[in-house]
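# Topology and contacts: notes
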Amino acid sequence: MKKIFMLCAVLGLAACTSPSTVKITLPDGFVVSAKLADTPQTREKGLMFVTELPENEGMLFVFDKEDDLLFWMKNTLIDLDMVFIGANKQVTSVAEEVPHSYTYTPEQDVARALGYGKYVLELAAKTATKHQVTRGSVLEFTLPTNK
């Protein structure tokens, strides 16, 4: 009985640490399933070391308040579109095709993206243009109730 309890406890802990996802509807109706990066740890890791990202997947970074946000793309192995989104879910800016980097990329050559918002949606490069995500667009999503 004790072994079963320990197994359940370990499995429960693993479930708690896996990132939750949110469905985001883009302006043309296309839906992206985005993993949430809503803690300092998940925001720091982001999509580092990911080698592919399907068009219908992404990562939504959630911050406590609207602010100037700077993303540094060290160890991000794929090109990305970065959509900066205000608290009202309106796009404030889009950094398109932000170039990838590697562990050996010199610091001064690592791409950076700057924008303003409460949220940042990272998508596979060229997804924003393909699905009409531009400054002023409104994205539809609902965060889990504990966010």
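A few points on the structure.

What counts and how
Residues numbered from 1 in each chain as written. Predicted model: local features only at pLDDT ≥ 70, side-chain atom pairs only at ≥ 80, totals over all residues. Heavy atoms only, no water. Buried < 20%, exposed > 50% of the residue type's maximum accessible area, 1.4 Å probe, protein only. Helix = DSSP H or I, 4+ residues; strand = E, 2+ residues; numbered from the N terminus. Pairing = 2+ DSSP bridges. Salt bridge = Lys/Arg side-chain N within 4 Å of Asp/Glu carboxyl O. Axes fitted to C-alpha atoms, helices over the stretch in contact; angles between N-to-C directions.

Each regular strand displays side chains that alternate between the two surfaces of the sheet. For strand E4 (residues 80–85), the buried fraction is high: 6 of the 6 residues fall into the buried class. Alternating residues of E4 divide into Leu80, Met82 and Phe84 and Asp81, Val83 and Ile85, and every residue in both groups is buried. Sheet topology note: the E4/strand E5 (residues 91–98) ladder contains 5 bridges and is antiparallel. For leucine 80, the partnering residue across the bridge sits in E5 and is valine 98. What sits between the antiparallel neighbours E4 and E5 is a turn of 5 residues, in which lysine 89 has the positive phi angle 70°.

Turning our attention to the pairing of strand E3 (residues 57–72). Alignment of strand E2 (residues 31–37) against E3, held across 5 bridges, turns out to be parallel. The residue bridging alanine 37 from the neighbouring strand is phenylalanine 61, located in E3. Where E3 lies against strand E6 (residues 112–124), 11 bridges are found, and the strand directions are antiparallel. Counterpart to leucine 69 in the pairing with E6 is glycine 115.

This next bit is on unusual backbone geometry. One non-glycine residue with positive phi stands out, namely asparagine 75, at about 65°. Among the structural elements, asparagine 75 can be located in the loop between E3 and E4. One non-glycine residue with positive phi stands out, namely lysine 126, at about 80°. As for its position among the elements, lysine 126 is in the loop between E6 and helix H3 (127–130).

So, about the pattern of salt bridges. According to the stated counting rule, one finds 3 salt bridges in the structure shown. One salt bridge in this structure joins lysine 65 and aspartate 67, with 3.4 Å as the shortest N-O distance. Two residues, glutamate 107 and lysine 74, come together in a salt bridge whose shortest N-O distance is 3.7 Å. Placement of glutamate 107 in the loop between E5 and E6 and of lysine 74 in the loop between E3 and E4 is noted, with a sequence separation of 33 residues between them. Taking the relative accessible area as the measure of exposure, glutamate 107 reaches 41% and is therefore partly exposed.

It is worth spelling out the sheet that holds E6 at this point. The strand order across the open sheet formed by 6 strands is E1-E2-E3-E6-E4-E5, and the pairing between neighbours is mixed. Both outer strands of the open sheet, strand E1 (21–25) and E5, are each paired with one neighbouring strand and no more. Averaged over neighbouring strand pairs, the angle between their axes works out to 30° when direction is ignored.

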